[in-house]
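The lines below spell out each chain.
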Amino acid sequence: MTTVGLIGSGNIGGTVARLAVDAGHDVVLSNSRGPETLRDLVAELGPRARAATPDEAATAGDLVVVTIPLRAYREVPTAPLAGKIVIDTNNYYPERDGSFPELDDESTTTSELLQRHLPRSRVVKAFNNIYFAHLRVLGRPAGAAERTALPIAGDDDGAKATVTAFLDSLGYDAVDVGPLAEGWRFQRDTSAYASIYATDGDWERPGPVDAQRLRAALAAARRYADS
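Note that the structure is a prediction, hence the values are computed from the model and not measured.

How would you sum up the overall build of the protein chain? Please name residues and give values.
Within the protein chain, the secondary structure is distributed over nine helices and eight strands. A globule of 227 residues ought to have a C-alpha radius of gyration of about 17 Å, and the protein chain, at 16 Å, matches this closely. Over its C-alpha atoms, taken along the principal directions, the protein chain stretches across nearly 45 × 40 × 35 Å. Going through the 227 residues of the protein chain one by one, you find that 52% of them count as buried. Contacts spanning at least 24 positions in sequence make up 64% of the contacts within the protein chain whose residues lie at least 6 apart.

Okay, structure coming up:
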């Protein structure tokens, strides 16, 4: 099974770690505050989990998930991620992250920023469009009638195939949106963003979204300037 390194272990990171352990993967968790702050989460996850520094998690992971506030993306270690597949879960919230003019004018996307920071890695955008509590419960076995799909985007087909297989192991189908530049289609406030997984807009009632419905939402997405 895969060893999954996590740079960031908050709501999304912790949820991905739980799903990965449940699927039989090993996980190496890290955050900006130090391994000792992850003691309780590691104990909850069991023997397949351990805590480390971000550099150590990056080194250990066959697949590495970067799930930190966008404002901190330049702090992601570059050398240990060379040649690796990196899943980026970032969203842009100016009120939290400060202003990024290149995102404000939509000349690039969040994952393209991370890819530029990690020129020797293969970045795939995933997990950013779903509320962590929904991600935790919507997974289903392959072939299940109510299997939910998640969008991915990336510039490397091999990396996207690996991430698709990883999502499958967690209980999700993947819909390939295309290159990283198309990642805007499932950024915040688009038709394919988090509320699509809330039944009739009720966030307490997560509901399945199959690939066909997700593709329709992605096709209907509008850039902020056009909204």
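Tell me about empty space enclosed by the protein, and name the residues and values.
Throughout the structure, instances matching the rule amount to one cavity of 30 Å³ or more. The computed volume of the largest cavity comes to approximately 110 Å³. In this structure, the largest cavity is lined by 14 residues; those nearest its centre are Tyr 92, Leu 103, Thr 110, Gln 187 and Tyr 224. Taken together, the residues of the lining of the largest cavity break down into four nonpolar, six polar and four charged.

Explain the pattern of salt bridges to me, using residue names and the numbers behind them.
Per the counting criterion, the structure on display carries 12 salt bridges. Linking Arg 18 and Glu 44 is a salt bridge whose minimum nitrogen-to-oxygen distance equals 2.9 Å. Note that Arg 18 is positioned in helix 1 (residues 11–22) and Glu 44 in helix 2 (residues 39–45), a separation of 26 residues in sequence. Under the relative-accessibility criterion, Glu 44 is labelled exposed at 53%.

Definitions and cut-offs
Residues numbered from 1 in each chain as written. Predicted model: local features only at pLDDT ≥ 70, side-chain atom pairs only at ≥ 80, totals over all residues. Heavy atoms only, no water. Helix = DSSP H or I, 4+ residues; strand = E, 2+ residues; numbered from the N terminus. Rg over C-alpha atoms; globule rule 2.2 N^0.38 Å. Buried < 20%, exposed > 50% of the residue type's maximum accessible area, 1.4 Å probe, protein only. Contact = heavy atoms within 4.5 Å. 1 Å grid on protein atoms, 1.4 Å probe; cavity = no way out; pocket = protein on both sides within 12 Å on 5 of 7 lines; lining within 4 Å. Points joined across faces, edges and corners; volume = space filled by probe spheres on them. Nonpolar A, V, L, I, M, F, W, Y, C, P; charged D, E, K, R; others polar. Salt bridge = Lys/Arg side-chain N within 4 Å of Asp/Glu carboxyl O.

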